[in-house]
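# Survey of secondary and tertiary structure
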Amino acid sequence: MLQSFEQMNRRFKKWLWLLVIVGLVASLPVVVQRVQTEQTSKNVEFVFDYRDLVDISVYKPNPAAYINEQLDRLKEAGVQSMAMFESSLQEMKSARRIVLYNSNDAALLHNKVANPNENYTYLLFQSQEDERELSPLIEKTFIQLGINVRLWKFDGKNGLVIETPIESALMKSMPQDPIAMKQLRDKGFNIVPRLSDSSLYNQKQTEELLKMYDAIGVTRILFDGESVKGFNDDVEMNSLTAFADLLNKHGIGIAAIEGLKAPQKGFNKLAYLTKYNVARIHSIAEAESFNDPKVLGDRLALASKDRNIRMFYLNATVKRDVTKSEIVDSVENLIHSMQEPGQGLAKIKHDGFEFGQAKPFQIEDAGWQRYAKAVAVVGGVALIALLISYFVPYVMLLVFIVGLVGAAGLFAMHSSLLEQVLALGVAVSAPSIAMVLAIRRIEMSAIDSSLGSRLSRSVMLFVRTVLLSLIAVPYVIAFLNNITYSLVLTQFRGVSLLHLAPLALTALYVFLYRGESVFKEAKRWLMMPFTLLWVVGFGVAAIGGYYYLSRTGNAGNVSSLEQMFRYLLENTFGVRPRNKEFLFAHPLLLVGAFIAFRYRIGQFLLIAAAMGQLSMVDTFAHIHTPVIISAIRTGLGLGLGLIIGVIGILVWYVIERCWDAWRPKLKQ
């Protein structure tokens, strides 16, 4: 019964391969539109945190002059925009625009005894300009919060009494400092407001605020805190939709902060409602702002080229320099990272980018894409069924039919889940099938000891295996061709499975599927004596596997030596190939095949070599990386891996010849 099923499945295998090819062809136009989308946003914007500059000025003998001087230097260095948080009494105090007192201090100023039943905030303006610009702003803010405000004078200066404790008054937020905003605009800076969701959403106030932003040329807002403006009141007031309508009306977009532990609440919904008028922003944290300018310069260039970053947020801070016996700031270091010696801006410009206010990607999404993706779904299910057929031949057609039904059901319930499941399934299937067929090809070949024959066959096997693995790439791009992946608003799940499954399936095939039957091979392995060598082997494999998984994804730690090597590759080739591909996995596939054509035990090396095949596919699964960059990275890895692999083959062949010559003498 099983034999008849197996024979029937074998007859249909070529038809499934035909469906895979048709799906591949249907995916290619989607890849083209993805590339076109990636070419539509070329502006890179540098944003400096103005509050950091104000905080640093506190440590300077002439704060106002320091701020003015650094603004000129930052502008000349290439910073186009200044981020401005919502203002507060604390920020106005740091900027020397106001002086604050509590009730006790105010009473002492008047040589009076403090009223024990009063705990208010007393505020004096430092100049008439400060009073003219800030008094209406402060009064309006606190009155809207139900807090009484009245006039106060002392020593010829005007001020206010805010009838709330100073600790509470300092926490209240208000629109950006108009005096600072004017100063920044006069110096040619664009403004990037930072808005919080700390107060009750008010549509009228928000309309006035965005109207003012529009008038001064604001094109993008950055949110402060763990949620976007309007999120906390969205259930009761539908505030996110109302806020999005205002953003669309005034042509203002939003910025997605890279590297957050958790996305800002409400951001994805707001991004959708603003038609993805979103730019990704990468931050140089305060603690990092003192790093080597060359390292920071390379980091800026890599982020824009490799991760679709279009905004950079520069933070600055101070530290104690014991060698100079003074407090120094990191503004100078950040300037050096952008200019000499870091050359961050020059490298970004060299990569084809321009400097200006960041613009969103113009999404190329033709109506025919849905039909192309539907064809790709059929081809993807066929590829997954083919993988299963190499391990359980008689269920191939059943898996294919069930897969199509399941895909239809998933599409109806959760289309994005279908995209991720199929992308993961195809990404695992193609390299796994490629490795299985490589092992089969070796098993079917005659034992050979000549250099030329084995070398040519190894290279041909390498090329064939690579081409089969790369079948997955157009499928993965087509399934994940959504702007939410490019902006990392949605992430491709299952990366750990992708890094393990092809290795495990290749190992399974090498250990159990090369003999007369799976059961006999399993019994043979189980009956083998368990020696110390096995224990050592398992230990080495476990350590290697742990290290391999620890380096998977973006969270892995990199040594300083490896970091230097990465920079060397980046500066040499322009795009850094993956070390594990060209230094290890690709050469191992070539050397392993060369050995296996004479000594079948060499096939065990192909288990680790599968790492290179899955890594190529994984490179294209990083949707926030442009397709062209991924293609160059993969091509460089293959070319360098081929060269190193051929060198490895020649070294092994010399060892072989030496062994062949010395073995008879050793036996004697």
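What comes next is a walk through the structure.

## Here's the deal with unusual backbone geometry
- A cis amide bond, omega 0°, links glutamate 340 with the succeeding residue proline 341.
- Structurally, proline 341 is set in the loop between α14 (331-338) and α15 (344-350).
- The residue asparagine 238 is not glycine, and still its phi comes out positive at about 55°.
- Position of asparagine 238 among the secondary structure elements: in the loop between α10 (234-237) and α11 (239-250).
- What makes asparagine 238 partly exposed here is its relative accessible area of 41%.
- At lysine 275, a residue that is not glycine, the phi angle is positive and equals roughly 60°.

## Things to note about the environment of arginine 97
- For arginine 97, the location among the structural elements is in the loop between α4 (89-94) and β3 (98-102).
- The class for arginine 97 is buried, based on a relative accessible area of 11%.
- Along the chain, arginine 97 and methionine 564 lie 467 residues apart, while their C-alpha atoms are 47 Å from each other.
- Excluding residues that lie within four positions of it along the chain, arginine 97 makes contacts with Tyr50, Met92, Leu124, Phe125, Gln126, Asp130, Leu134, Asp177, Ile179 and Ala180.

## Some remarks on the nonpolar core
- Counting 75 residues, the largest nonpolar core has Trp17, Val20, Leu383, Ile433 and Phe479 as its most contacted members.
- It is helix α18 (residues 415-444) that contributes the most residues to this core, 16 residues altogether.
- Setting aside residues up to four positions removed in sequence, leucine 383 forms contacts with Trp17, Val20, Val426, Ser429, Ala430, Ile433 and Ile471.
- With 64 residues, the next largest nonpolar core counts Tyr201, Leu209, Leu296 and Ile309 among its residues.

## Digging into the packing of helix α20 (residues 472-479) against helix α27 (residues 605-621)
- Between α20 and α27, the shortest axis-to-axis distance is 9 Å and the interhelical angle comes to 25°. Classified by the angle their axes make, α20 and α27 are roughly parallel. Once α20 is placed against α27, the crossing between them reads as right-handed. Along the contact surface, α20 presents Ala472, Val473, Val476 and Ile477, while α27 presents Val617, Phe620 and Ala621.
- The residue makeup of the contact of α20 with α27, split by class, is seven nonpolar, no polar and no charged.

## A short note on the packing of aromatic side chains
- The final tally for this structure, using the stated rule, is 13 aromatic pairs.
- Seen from their ring centres, tyrosine 122 and tryptophan 152 are 5.0 Å apart, and the 80° between their planes marks the pair as edge-to-face. In this pair, tyrosine 122 sits in strand β4 (residues 121-125) while tryptophan 152 sits in strand β5 (residues 149-154), placing the two residues 30 residues apart along the sequence. When sorted by exposure, tyrosine 122 lands in the same class as tryptophan 152, which is buried.
- Aromatic pair tryptophan 152 and phenylalanine 154: ring centres 6.3 Å apart, planes at 15°, arrangement stacked.
- Here the aromatic cluster, defined as three or more aromatic residues joined through ring pairs, consists of Tyr101, Tyr122, Trp152 and Phe154.
- Arginine 51 extends its terminal NZ or CZ atom over the ring of phenylalanine 85, reaching a point 4.1 Å from the ring centre.
- If you follow arginine 457 out to its NZ or CZ, it ends over the ring of phenylalanine 597, 4.3 Å from the centre.

The rules behind these values
- Residues numbered from 1 in each chain as written.
- Predicted model: local features only at pLDDT ≥ 70, side-chain atom pairs only at ≥ 80, totals over all residues.
- Heavy atoms only, no water.
- Helix = DSSP H or I, 4+ residues; strand = E, 2+ residues; numbered from the N terminus.
- Buried < 20%, exposed > 50% of the residue type's maximum accessible area, 1.4 Å probe, protein only.
- Contact = heavy atoms within 4.5 Å.
- Core = buried A, V, L, I, M, F, W, Y, C linked by side-chain atoms within 4.5 Å.
- Axes fitted to C-alpha atoms, helices over the stretch in contact; angles between N-to-C directions.
- Parallel < 35°, antiparallel > 145°, perpendicular 65-115°, else oblique.
- Left-handed = near helix turned anticlockwise from the far one by under 90°.
- Nonpolar A, V, L, I, M, F, W, Y, C, P; charged D, E, K, R; others polar.
- Phe/Tyr/Trp six-rings, centres within 6.5 Å; stacked < 30°, edge-to-face > 60°.
- Lys NZ or Arg CZ within 6 Å of the ring centre and 35° of its normal.

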